[in-house]
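# Inside the fold
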Amino acid sequence: MGPTRAQFIQYAPAALAVVPLVAGPWSALAAAAAGAGAWAVNVSAPVLRSLIGCGFTATGCGIAAHEVLAAGGNPLIALGLAVPAGAAALAHHRNLAGHTPAPALTPATGAGAAGGLTSQAQLITAWWKEFISGPTQTEDRKLIQPGANLEHLALEADDDHVSFTGIITLPQGQQVRVRAADIAAVYQIPVSQVELGDPKHYAPNALPVTVHLKVPAAQPQIAAGTPTTPEELWAAYVGVPEGAMPGTTLTVTRYDGPLDWEGIATRDRRAIGTVNLQDLAGNLDLETIQIALAPGDKPSQMGIRVMREHALMHGTMLSSVLDELSMDSRGYVRAGTYVDGRAALLPLAQPGSGARHLYLVGGSRSGKSGLLEQILLSAHRSGIAVILASPQAGTIAGAHLAAHCGDGLDEAMGALRLAYAMMLDREARYRSPAFPFTDPLVLVVIDEAHMLLSASSPYHLEAKAIVEQLTRRSLKRGIGVVLATQTPLAEDLGNSTVIRSQLLIGGGAVFLRCAKGQGSLVGANAVEGAEGIDLSMIPSQWPGQYAKVADRDMSGLATEAAAAPEDGTFGLGYLLTPGSQAVQFRSLHLDVAPVSLAGGEPPVGIEDCDAWRERDAITQAPMVDRRGKNLIGSLSDLLAAAQGAPSSQEAPHHPGGPQAIAGTSRPGAPGVAAGAPDGQELIKPRILELLREQSIPMTAETIARKLGTSAKNIKPRLSELKKRDEVTNENGLWRAA
């Protein structure tokens, strides 16, 4: 190992001073070699000039001394000629001290490192005394803490790391105040490279310190074992204890890229349970719609599919599966297609047991009405009678396929009363616990159920009581309930946990897109088997649709054009059947109107029975008491109440509406002539008569509408009646006391 750059510069002048005494004229070559070496090691210009000057002086003295000795002259004269060479070497050393850079903080080599402090340790100590501890201090520089000496210095160095350790020591009774930032400023390194001991664990006047003067450069590199394949990503983020499916491993069955693969997740001899789809999407850094789950036959396995282009984007045409719309021997009908291409089936009946329920959730433009029309067609083709309650009039295109249709708010409430009466009638006639299938199955389809069940509905308590009884007791009697709302919120079901639980236990559920903030199936709206699903995350359009819309066609309105499945995500959602996980599916695309496939046949009729024969009176008769409670529980009581109500020919279109109260005089009622002014004493009796006759709670706005006046005339009178204890108010709903 040759001399270092610093050693060469330091000892070359001494060699030049000695070589002329023994080498004679060859000293010129020695001087030239020293100069070339100095240039090769890239010394500074002043040092190089000093070295060349020293070489010339030493060369001249060496030649002269050689000639004196060769001529037989006095040896003392030759020795005297070496004095200028030594003076030149001394001058070079002085020049070297002013122009040579400070020694770097690298490991010392050679004999100088063996005895005492190395050059690096000397420099570390010098800087410490110069800036931190003293003993001296100048006017323009203040010491960090005088007397804070660095003791027990130890230096560690290798090719890419240099550090030293020591103990900051002060006299007894003083406390170390040197900070890591102070040390970093002295040695011009980041603060993160200075480590001070915890003062709580050491004496106040002695604190250990470690300073990393040189650390390996941070190299941007991919750490060994970074997950890249689906299996590695799964093991790193999904199968870990805090992942969406802890303890599972992934086996990829098809791989066409990082955004198009299928696999099976397996948990060793343990059930996977429910999976939070939002958490799974977060683990895999994907959007929720890009992932689909497919539960397998084994509870310890779950199918996984990741999609670049959604598999259901192109849909399944209704006209292509006509033979699957009728109910099969197990009671199932085709409702759509699962994401894995299998047929998505809905149960409408259970052989030997009775009917099945269905809970349908979907906001505006989600495909909910289209699925209801499809269900009406399947019921018609399967010989199932339908009682339809549609509070929002004119929204169901296949309404005429129903045996009884309640179109409008009041009429929809009448349809619920008829369905309840049919259940009581069958309970009176069927004494066997098993359904005999002698009468047709009946589906009670309730669209926009929140308009009847929510607390703001004038029929809230009666509708809630009837639907709770239907969902609890009707299946064994061959009557199923299909209930559709716009959101999964509990208030849409009248805050009734009974209705939701019975719907899910007694059949299945379809969840379509909902408005933002209203589609989360967690918390109070949690549904077992659909945890983590947020229906508002289902996009209204497929990726790339905006670019497609931007290509405008200005040729005019195409009256023959029809929507394609790719034009929107209508019908895209999740299908949940009892005992399974919600699976992504899409309902059938209505390329033909479902009602056109009915063949012009009349609707399936309901059997001839007391409830059906008295249906006109039953639909007009409230089935709860004046306080909205105590639902009629027997068929005989119900028929008696119906016989006491006005017939459909005699009753006005809206029971107890303004036509019956303000337009006629009735026996036993306060004399109110048509067109009477809204005086104080005239309005109060009309309010009381309306509340007692309807026997259901109403809002002030509903009372005003039925009496043909404004709410500002009604509210003060209601307050006066409440003071007399003639009416009560609960959450804004008024009823007779």
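The structure under discussion appears in the preceding block.
In what follows, the accompanying structure is described. Because the structure is predicted, anything quoted here is derived from the model rather than measured.

### Considering the side chain of Gln193
Assignment of secondary structure puts Gln193 in the loop between helix H7 (180-187) and strand S3 (194-196). Judged by its relative accessible area of 12%, Gln193 is buried. For Gln193, the contacting residues outside a window of four places in its chain are Thr210, Val211, His212, Leu213 and Val215.

### Observations regarding the pairing of strand S17 (residues 479-485)
Burial analysis of S17 places seven of its seven residues in the buried class, which makes it a mostly covered element. Burial along S17 is two-sided: Ile479, Val481, Leu483 and Thr485 and Gly480, Val482 and Ala484, pointing in opposite directions, are all buried. The sheet contact formed by strand S13 (residues 357-361) and S17 spans four bridges and is parallel. Residue pairing across strands places Leu358 opposite Val482, the latter belonging to S17. Bridging between strand S16 (residues 442-446) and S17 involves five bridges; their strand directions are parallel. Of the residues in S17, the one forming a bridge with Leu443 is Gly480.

### Considerations on the sheet that holds strand S20 (residues 583-587)
Taking strand neighbours across the sheet as the criterion, the ten strands line up as S10-S9-S20-S19-S18-S13-S17-S16-S14-S15 in an open arrangement whose pairing is mixed. The open sheet has two edge strands with one neighbour each: strand S10 (343-347) and strand S15 (404-407). The mean angle between the axes of side-by-side strands here comes to 25°, regardless of whether they run parallel or antiparallel. Strand contacts of helix H13 (residues 460-473): S13, S16 and S17, with the helix running at about 130° to S17, the strand carrying the most contacts.

### Observations concerning the side chain of Ser300
Summarising the element assignment, Ser300 is placed in the loop between strand S7 (291-295) and strand S8 (301-306). The class for Ser300 is buried, based on a relative accessible area of 16%. Once you skip the residues sitting within four places of it in the chain, Ser300 turns out to touch Ala265, Thr266, Arg267, Arg270, Ala271 and Ile272.

### Some remarks on the pattern of salt bridges
A complete count under the given rule lists 23 salt bridges for this structure. Residue Arg473 is joined to Glu427 by a salt bridge in which the shortest nitrogen-to-oxygen separation is 2.7 Å. Taken as a pair, Arg473 in helix H13 and Glu427 in helix H11 (residues 409-429) lie far apart in primary sequence, 46 residues in all. A single network of salt bridges, built from pairs that share partners, joins Arg254, Asp256, Asp260, Glu262 and Arg305.

### Things to note about the layout of surface pockets
Using a probe with the size of a water molecule, rolled over the atoms, empty space left in the structure can be pinpointed. The space that makes up the largest pocket amounts to roughly 1,000 Å³. Lining the largest pocket are 45 residues, with Pro295, Thr577, Ser580, Gln581 and Val583 positioned closest to its centre. Sort the elements by how many residues they give to the lining of the largest pocket and S8 lands first, with five residues. Of the residues that constitute the lining of the largest pocket, the class distribution is 23 nonpolar, 14 polar and eight charged.

### A look at the packing of helix H21 (residues 700-707) against helix H22 (residues 711-723)
Interhelical geometry of H21 versus H22 gives an angle of 120° and a closest axis separation of 9 Å. When the axes of H21 and H22 are compared, the crossing they make is right-handed. Within the contact between the two elements, H21 uses Ala700, Glu701, Ile703, Ala704 and Leu707 and H22 uses Ala711, Ile714, Lys715 and Leu718.

### Brief notes about the nonpolar core
Counting residues in hydrophobic clusters, the biggest one holds 104 residues, and the most contacted among them are Met245, Leu280, Ile446, Leu483, Phe511 and Ile703. For this core, the element with the most residues is H11, which contributes eleven residues. Leu318, Leu512, Leu588 and Ala598 belong to the second largest nonpolar core, which has 38 residues in total.

### Regarding the environment of Leu293
In this fold, Leu293 is placed in strand S7. For the pair formed by Leu293 and Val583, sequence separation is 290 residues and the distance between their alpha carbons is 6.1 Å. With residues up to four places along the chain from it excluded, the contact list for Leu293 reads Val275, Leu277, Leu280, Met302, Gly303, Ile304 and Val583.

Parameters and conventions
Residues numbered from 1 in each chain as written. Predicted model: local features only at pLDDT ≥ 70, side-chain atom pairs only at ≥ 80, totals over all residues. Heavy atoms only, no water. Helix = DSSP H or I, 4+ residues; strand = E, 2+ residues; numbered from the N terminus. Buried < 20%, exposed > 50% of the residue type's maximum accessible area, 1.4 Å probe, protein only. Contact = heavy atoms within 4.5 Å. Pairing = 2+ DSSP bridges. Axes fitted to C-alpha atoms, helices over the stretch in contact; angles between N-to-C directions. Salt bridge = Lys/Arg side-chain N within 4 Å of Asp/Glu carboxyl O. 1 Å grid on protein atoms, 1.4 Å probe; cavity = no way out; pocket = protein on both sides within 12 Å on 5 of 7 lines; lining within 4 Å. Points joined across faces, edges and corners; volume = space filled by probe spheres on them. Nonpolar A, V, L, I, M, F, W, Y, C, P; charged D, E, K, R; others polar. Left-handed = near helix turned anticlockwise from the far one by under 90°. Core = buried A, V, L, I, M, F, W, Y, C linked by side-chain atoms within 4.5 Å.

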